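These are the residues of each chain, in order.
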Amino acid sequence: MALDGTKDTAFKYVGTTPERPDGFDKVTGRARFGADMIAPGMLFGSIVRSPHAHARIVKIDTSKAEALDGVKAVVTRADFSSALECKPGMDGEIWNTLENVMAGEKALYDGHAIAAVAATSNLIARDAAKLIEVEYEILPHVTDVDLAMADDAPVIREGVTDYSVPKGMHPNVVRCHDQGHGDVEAGFAEADLVIEDHFTTEATHQGYIEPNACVATLGADGKGEVWCSTQGHWNVQKVCAALLDLETSQLRVTASEIGGGFGGKTTVFVEPVALALSRKANKPVKMVMTRAEVFRATGPTASTSMDVKIGMKKDGTITAAKGVFRLQGGAFPGAPCEFTAMCAFAPYNLANVHQTGYDVMSNRPKQAAYRAPGSPMAAFAVESVIDELCNQLGLDPIDVRLKNASHEGTRASYGPKFERIGLVETLEEAKAHPHYSAPLAEGQGRGVSCGFWFNHGGETSVSMAMSEDGSAQIMVGTPDIGGSRASMALMAAEVLGIPYDTIRCTIADTASLGYNEISHGSRVTYASGLAVIKSANAIVKELCRRAAAKWDIDADAVIWEDGYAKPSGPNAGDFEPLHIAEITATMGATGGPINGHFEATPEGAGVSFATHIVDAEVDKETGATKVVRYTVVQDAGKAIHPTYVEGQYQGGAAQGIGWALNEEYIYGEDGRLQNAGFLDYRIPVASDLPMIDTVIVEVPNPGHPFGVRGVGETSICPPLAAIANAVSAAAGVRMRNLPMSPPRILAALDAKSG
Amino acid sequence: MVEVQLWSGLRALVDGKSSVQVEAKTVGEVLTGLVKAYPALQGPIDAGVSVAVDGRIIASALNEPVHPDSEVVLMQRLKGG
């Protein structure tokens, strides 16, 4: 559905900022999250987790746990499907998911689930879990990405490497993405300055405040229900059915309110385990992860080791760029090496570019998506090198980016030519912003970075129904992780011509609506929004038909304006406009209920770009860093609810500040996670953050009727680099390793001073 | 005929070529045409691909049209967080 050019300047509701529909529920405690569900006769589940990074499971003795009063069921891997097959690369992803939620022959990381128990109280369940005796044969482990690729690294699993990996690489390297165009060596030869450097980033957790939680019921008849905190309940339905040998349609899944996901809740962890326990106990089972379990056993993002080489002429023209990106994604294939590679140089119009990504297994938890998976790390390496080139050549960093910026028609570093994109506009807005020309205080540095993300469409179903009083309800299947219910209502209000607060948008369960892909890829406002517009258009068409029937004129002679059916012109007849409520009041007697629906896989998501400006200061005695000013400039295509869009921009910057300065998974020599809690894994709190200013650029996406582009992920792409460039300028030394924690800053300063 | 550009990691599977020509009027026919011409591409396509047609990334819809003069680029399958 292409951009509707007639709507560009004529919006009535779109672009306004009404109160969020879930606000009252959330501030009064009425909202029901994953852990808030209670079922009659409910049991409580607890999981036994491996204390070892890598160990063969010799024996599991559950007898003492089963003998404990109050214990109703114990499950191990034997209670899940035996029909799934381990396959190379991503072909075996469903088996990988099973292997992650319940270990088979080996414990593959500290925290890997080994067995689970259900009991009449949470306390009994936890006591029973301690009574399950597991005999391990401890194996050598590796948790570092570069060490996992070394010849002497222990092999996590043989036979998982797919076709793409060059011969001779270690079996822990399971996938490779290699791409480029032009002749990079010739390009480097044309450059006046070539810089090649090495960068690393640590694994960081999505840090959602609500732990993973569910209540599951599964009877001996194969019928079940799950209530859970998830970004995609149809995916929960599909995956759980496969892991437990169920018919998909017999499992009904309802998404609770969600206390953050950021990509981390795009898969399953406790849901299939709770279902297996419920099937065995014939009772509902509730499972709520502790924070330590969330850190140890749910997906952080991948850690990286990266080499980037860029050549530049004295006038700022980039002549060639090359990158090698190694991503560690835990003990399973799936680290987003292809996205890191494809996003790395996307902001730039390059004649010569080559990027290679490697997906590497290690003894860590299975990585999960985290906002624009893979892209922020690439931007950190690439934009740091560009910053250093600008420094050494005495060039303005925004001018250089403008000189090389991708635009409509540019052949992207990942292959195709860009449609209409807004990178240049974000750079121009950044350059004109007062922040960019504001003087810096002593000891402060300024950094700039661009960032890129693809965005996504995906399978989408929406249903909409009119009420007799002229109000409307919308059923969408994409959990609201960023304010989508408000955006859906605004888009429906725009089409129907009725007030925003007469529309209620609900996240339907899997039994009430057709299939919907996960809320990921910044797709919801784009894809569900497009489906809402199409559903509302169908309702408008029917409303016009009903008015035409009443007036006894042709349906084509009726138009819809601002909530009223009207004759299209004098020739259509002279009739008083009919308000929507006048038509719906009699709909039962004039043809039946008036509903609309739309199902499709929209394929016009439209990529997006952002430019961030950061000021930081560094205490050279303690190594402490403070971000003192932050400005996000990003192309939203069209901001449906600008306050929510700003929130996405600010949220990406805030999470980026944590990733850049503090957050990291710290593993001991024993391969165990050392900081599985928010006291030791420090996410930014309000006092750590400056006011994050935002500029919404609107370069309409030609693939959406209102011009929408996804905004949820691109905002986390530039921060790592922009902050690193600011901190490097403030410290007077290039920071190549994240997080830039005080010890790392002091070490860098010491190394510089010799 | 439609010319399909491949990422360089696939070249070892298609006799070192950077692009392959196939008879196709839809994205689905592009994929079946590629496998027909080079069966070794079955694995990568099964593992998940997207197809960019004239700059628009088609993540999964096999019925999207392509034309003889379309710019068609095979890409890794897109997803997100």
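See the structure printed just above.
So, here's what we can say about the structure.

Here is what the cut-offs are and how they apply
Residues numbered from 1 in each chain as written. Chains lettered and ligands numbered in written order. Predicted model: local features only at pLDDT ≥ 70, side-chain atom pairs only at ≥ 80, totals over all residues. Contact = placed C-beta atoms within 7 Å. Helix = DSSP H or I, 4+ residues; strand = E, 2+ residues; numbered from the N terminus. Nonpolar A, V, L, I, M, F, W, Y, C, P; charged D, E, K, R; others polar. Axes fitted to C-alpha atoms, helices over the stretch in contact; angles between N-to-C directions. Parallel < 35°, antiparallel > 145°, perpendicular 65-115°, else oblique. Pairing = 2+ DSSP bridges. Buried ≥ 20, exposed ≤ 12 C-beta atoms within 10 Å, placed from the backbone. Arc of directions from axis to C-beta. Expected span 1.5 Å × (residues − 1).

## Re the interface of chain A and chain B
Note on interface size: it is often stated as the accessible area lost on association of the parts.
So, step 1. On the side of chain B, 26 residues touch chain A, which itself brings 39 residues to the contact.
So, step 2. Looking at the side of chain A that touches chain B, the elements with two or more residues in it are strand 7 (173-181) and helix 10 (337-344) of chain A.
So, step 3. Counting residues per element, the side of chain A that touches chain B draws most heavily on strand 7 of chain A, at five residues.
So, step 4. Here the residues of the side of chain A that touches chain B sort into 13 nonpolar, 17 polar and nine charged.

## A short note on the packing of helix 3 (residues 93-101) of chain A against helix 7 (residues 233-243) of chain A
All names here are of chain A.
So, step 1. Following both chains from N to C, one finds helix 3 and helix 7 inclined at 80°, their axes separated by 10 Å at the closest point. The angle between helix 3 and helix 7 places the two elements in the roughly perpendicular class. Contacts between helix 3 and helix 7 involve Ile94, Thr97 and Leu98 on the former and, on the latter, Val239, Ala242 and Leu243.
So, step 2. The class makeup of the residues in the contact of helix 3 with helix 7 is five nonpolar, one polar and no charged.

## Looking at the sheet that holds strand 20 (residues 558-561) of chain A
Consider a sheet: its strands pair through backbone hydrogen bonds, and that pairing is either parallel or antiparallel.
Residues and elements named next belong to chain A.
So, step 1. Taken together, the three strands give an open sheet; going across it, the order is 20-21-22, and neighbouring strands pair in antiparallel fashion. Either end of the sheet is taken by a strand with one partner, and the two such strands are strand 20 and strand 22 (578-579).
So, step 2. Note that strand 20 and strand 21 (residues 564-567) share four bridges and pair antiparallel. Across the sheet, the residue bridging to Val558 is Pro567, located in strand 21.
So, step 3. Those strands touched by helix 16 (residues 524-551) are strand 20, strand 21 and strand 22, and its axis lies near 130° from that of strand 20.

## Things to note about helix 1 (residues 27-37) of chain B
Residue and element names in this part refer to chain B.
So, step 1. Within helix 1, burial applies to Val27, Val30, Leu31 and Leu34. Seen along its axis, helix 1 keeps its buried residues to an arc of 95°; they face one direction.
So, step 2. Contact partners of the buried residues in helix 1: strand 1 (2-5), strand 2 (19-22), helix 2 (42-47), strand 3 (49-53), strand 4 (56-58) and strand 5 (72-76).

## Some words on the environment of Pro416(A)
So, step 1. Mapped onto the fold, Pro416(A) is located in the loop between helix 12 (397-404) and helix 13 (423-432).
So, step 2. Classification of Pro416(A) by C-beta neighbours within 10 Å gives buried; the count is 22.
So, step 3. Along the backbone, Pro416(A) and Ala148(A) are 268 residues apart, and their C-alpha atoms lie at a distance of 34 Å.
So, step 4. Contact partners of Pro416(A), with chain neighbours within four places excluded, come to Ala52(B), Gly55(B), Glu71(B) and Val73(B).

## Things to note about helix 18 (residues 642-661) of chain A
So, step 1. With 20 residues, helix 18 of chain A extends 28 Å from end C-alpha to end C-alpha; this agrees with the ideal 28 Å at 1.5 Å per step.
So, step 2. Among the 20 residues of helix 18 of chain A, 15 are classified as buried, and the element is accordingly described as predominantly covered.

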